[in-house]
Every structure is written in structure tokens, then in C-alpha cells.
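# Remarks on the overall topology
Spelled out, the chains give:
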Amino acid sequence: MSLRQYNNRNRTASLSILIGNTALHGQGYGTEALQILTHYAFTEVNLNRLELTVSDYNLSGIRCYEKCGFQHEGRKREAMFRDGQYHDVVLMAILREDWLKLQEAGA
Amino acid sequence: MTDLLFNKLLQGERIYFAGITPEDMEIYARWFSNVELQKFTTYDRVFPQTVDQAEQFRQKGIEQGRYAFTIRLLTDDTPIGNINLKDIDWRCRSCSVGISIGEPDYWGSGYGTEAMQIVLHYAFLELNLHRVELEVLASNERAMRSYEKVGFQREAVKRQALFRDGHYQDFVVMGILRREWQAKQT
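A brief report on the enclosed structure follows. Computed from a prediction, not measured in an experiment: that's the story for all the values here.

What counts and what doesn't
- Residues numbered from 1 in each chain as written.
- Chains lettered and ligands numbered in written order.
- Predicted model: local features only at pLDDT ≥ 70, side-chain atom pairs only at ≥ 80, totals over all residues.
- Heavy atoms only, no water.
- Helix = DSSP H or I, 4+ residues; strand = E, 2+ residues; numbered from the N terminus.
- Rg over C-alpha atoms; globule rule 2.2 N^0.38 Å.
- Buried < 20%, exposed > 50% of the residue type's maximum accessible area, 1.4 Å probe, protein only.
- Contact = heavy atoms within 4.5 Å.
- Lys, Arg positive; Asp, Glu negative; His and termini not counted.
- Charge placed at Lys NZ, Arg CZ, Asp CG, Glu CD.
- Pairing = 2+ DSSP bridges.
- Right-handed = clockwise from strand over helix to strand, strands pointing away.
- Buried area = accessible area lost by both parts, 1.4 Å probe.
- Salt bridge = Lys/Arg side-chain N within 4 Å of Asp/Glu carboxyl O.
- Phe/Tyr/Trp six-rings, centres within 6.5 Å; stacked < 30°, edge-to-face > 60°.

### Considerations on the overall build of chain A
Within chain A, the regular secondary structure consists of three helices and five strands. Here the C-alpha radius of gyration of chain A, 14 Å, is about what a compact globule of 107 residues would show, namely 13 Å. Principal-axis analysis of the C-alpha atoms gives chain A an extent of 45 × 35 × 25 Å. Relative to its 107 residues, chain A shows a buried fraction of 43%.

### A short note on the overall build of chain B
Across its full length, chain B holds six helices and seven strands. Beginning at the N terminus, the succession of helices and strands in chain B can be written as β-α-α-α-β-β-β-α-β-α-β-β-α. By the compact-globule yardstick of 16 Å for 186 residues, chain B fits well, its C-alpha radius of gyration being 16 Å. Over its C-alpha atoms, taken along the principal directions, chain B stretches across nearly 45 × 40 × 35 Å. Restricting the contact set of chain B to residue pairs at least 6 apart, pairs at least 24 apart contribute 61%. Of the charged side chains in chain B, 23 are positive and 26 negative; the average position of the first set lies 6 Å away from that of the second.

### A word on the environment of Met144 of chain B
Residue and element names in this part refer to chain B. Summarising the element assignment, Met144 is placed in helix α5 (residues 141–149). Using a relative accessible area of 0% as the deciding quantity, one classes Met144 as buried. In this structure the C-alpha to C-alpha distance between Met144 and Arg154, which are ten residues apart in sequence, comes to 8.6 Å. Non-local contacts of Met144, meaning those with residues more than four positions away in its chain, are made with Val136, Leu137, Ala138, Arg154, Val172 and Met174.

### Structural notes on the pairing of strand β1 (residues 15–18) of chain B
Residue and element names in this part refer to chain B. Alternating residues of β1 divide into Ile15 and Phe17 and Tyr16 and Ala18, and every residue in both groups is buried. Pairing between β1 and strand β2 (residues 67–73): four bridges, direction antiparallel. Bridging across to β2, Phe17 finds its partner in Ile71.

### Section: unusual backbone geometry
Peptide bonds are mostly trans, and most non-glycine residues show a negative phi. In this model, Asp83 of chain A sits at a positive phi of 55°, which is unusual for a non-glycine residue. Classification of Asp83 of chain A by relative accessible area gives exposed; the value is 77%. At Arg93 of chain B, a residue that is not glycine, the phi angle is positive and equals roughly 55°. Tracing the backbone through its elements, the reader meets Arg93 of chain B in the loop between β3 (79–89) and β4 (94–101). Judged by its relative accessible area of 26%, Arg93 of chain B is partly exposed.

### Let's talk about the pairing of strand β5 (residues 131–137) of chain B
All names here are of chain B. In terms of residue burial, β5 counts as a mostly covered element, since six of its seven residues are buried. Judged from the three bridges that link them, β4 and β5 form a sheet pairing that is parallel. Along β5, the bridge assignment pairs Cys95 with Val132. The handedness of the β4 to β5 crossover, carried by helix α4 (residues 111–125), is right-handed. Two elements, β5 and strand β7 (residues 167–177), share seven bridges in a ladder whose sense is antiparallel. Bridging from a neighbouring strand, Val136 pairs with Val172 of β7.

### Thoughts on the interface of chain B and chain A
At the junction of the two partners, chain B supplies 28 residues and chain A supplies 26 residues. For the pair chain B and chain A, the two sides together bury roughly 2,300 Å², of which 37% comes from carbon and sulfur. Taken as a group, Arg159, Gln160 and Tyr168 of chain B account for 28% of the area that chain B buries against chain A, more than any other trio of residues on that side. Counting every contact that joins chain B to chain A gives eight salt bridges.

### With respect to the packing of aromatic side chains
All names here are of chain B. Using the criterion set out here, one finds 14 aromatic pairs over all chains in the structure. On the numbers, 5.7 Å between centres and 90° between planes, the contact of Phe69 with Tyr122 is edge-to-face. Highlighted residues: Phe69 in strand β2 and Tyr122 in helix α4, separated in sequence by 53 residues.

Geometric values such as these leave the question of function open.
As C-alpha cells, then:
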């Protein structure tokens, strides 16, 4: 898991996450890791926006990001080629204000 | 006319695309130092650029395999702007495009639209790409209308992605697919 393309001035970064051990998929480790990372991004790194892209067929990934407060911002049509066909790339992001609301709701 | 002109592929009705030469850098530095222009074209801080920095931009384009051009007038070769295809992904056959008309005298007269038509022709029929995308400041309605005219569709809004003029502003992501572009060519 990592924060990349960090931009000091715009206070943005993009995120990538991979649970390498497939036996552990579907047990919420990704969600838990993501909650730790967003907490770190907004309370320590002082970001304003954290974004990511995910392939449209990665439904469990998308659900996990939604759970952690990421919002759908649109999709790049046919931007990814896999298994013989083009797929859309979904753009998602969480803003500092989104994250704060989520904390208030959870508290 | 000019020996810089390669062929009809990179030519429109009023403009053509030429390679970017070190001699162009003086005028690039002037364009890149125009704050009103930079506010719309840079994704980082606005800051006046020197000739050396313009040359670094040119070198970076070469290193990253960009297809970058100086936009020139057909009538007298006057350079009026810059356009480049970058972030080329040969496997997914996609790229993004950046454009700026550097000379304020040529704003609002359709030169950007014409340049975009030429670059899409090149991207789809010469580079054999499947998709071209771009990002534009959400407040730049004039540019978005121009992009829509050549067939780009609005695909996403990146909220608060850029800090400018004291607050965070949105970017709009736009994209066009080869078959959409082809359907418009009659």
C-alpha cells in the first residue's frame, strides 16, 4: 500500500493498495488497511484530496473504497485493455471534508 | 511556404504542426510567463519561466517520448502555440493531450479547435491509438466547449484537485474514442 504522486502545493496524492495473499481476500483486511491509510493521510500528511483509479470489473475493490468514504467521480471509458477487451477505469476520491464527516458520523 | 512543413497529415486550413526547436524557446519562455495563460494551462504553481526552463520542458518531452509540436500559421510561419500527446500507453493504446495557444492575439478564433482536430487525426490515423483524454479546469468553459466541438465527452470531475486563486478547484476529465472521432469525419 502506498501514497504516490504526492503534490505538496495542491495537497493531493494517489493511492494504490494490494492484498497479495489471495487466501485472505474478502475478510476486510483491505478495508481496515485503507481506514488506517486515510487516517494517516488526513491527520498526519495533511492532504486535502486522496484519489485512486480502479478497473470497472473490480467490484469488491470498488465496494471497499466506497465503505472507506471514497466517492465516484466518473469513469475513463475504455482506458484499460484486459482479457481481450477494453474496460472502463473508475475514478474515485475522498476529500478531507468527506473524511471528517465520516469520522463525525462514526463517533 | 516552409521547409518545416512535413506533409498534409500535420496541417489544417490555417495552421500546421512543426517540430519544437531550441530557437523556439525564447518565445516559449514568453508564453509560459504569461500569468493569465498559465492560470489555465499549468497544473502546478504559476511562476514565470526562463528560456532555460523552457528548454528543460522541451528536453523532458523528448525523454518521455511525447509527440510535441509548435503550432504555426500557414501564411507566415508565426508560432502561436504548443500541442503535445503524452502519457502514451501503447498497450492500452491511450494517451493524453495538452494544448496552449500562447499568443493572446489568437485566442477565441478557433485556432485551438483546429489544432485539436489535427492532433486527433494524427493520434488515431497515424499513431493508431484507441483513446485520447485530457484534463481541463472546470472553470474553463471556453476550452471545454472547444473540446466538445471536436468530439470529446465529459467523463469525470476530479473535485478540488488544484489550488488556484486562493481555493481548490475541480478538474474535468474528457475523453474521445477512435470510433467516435471516426463517426464525425464525413
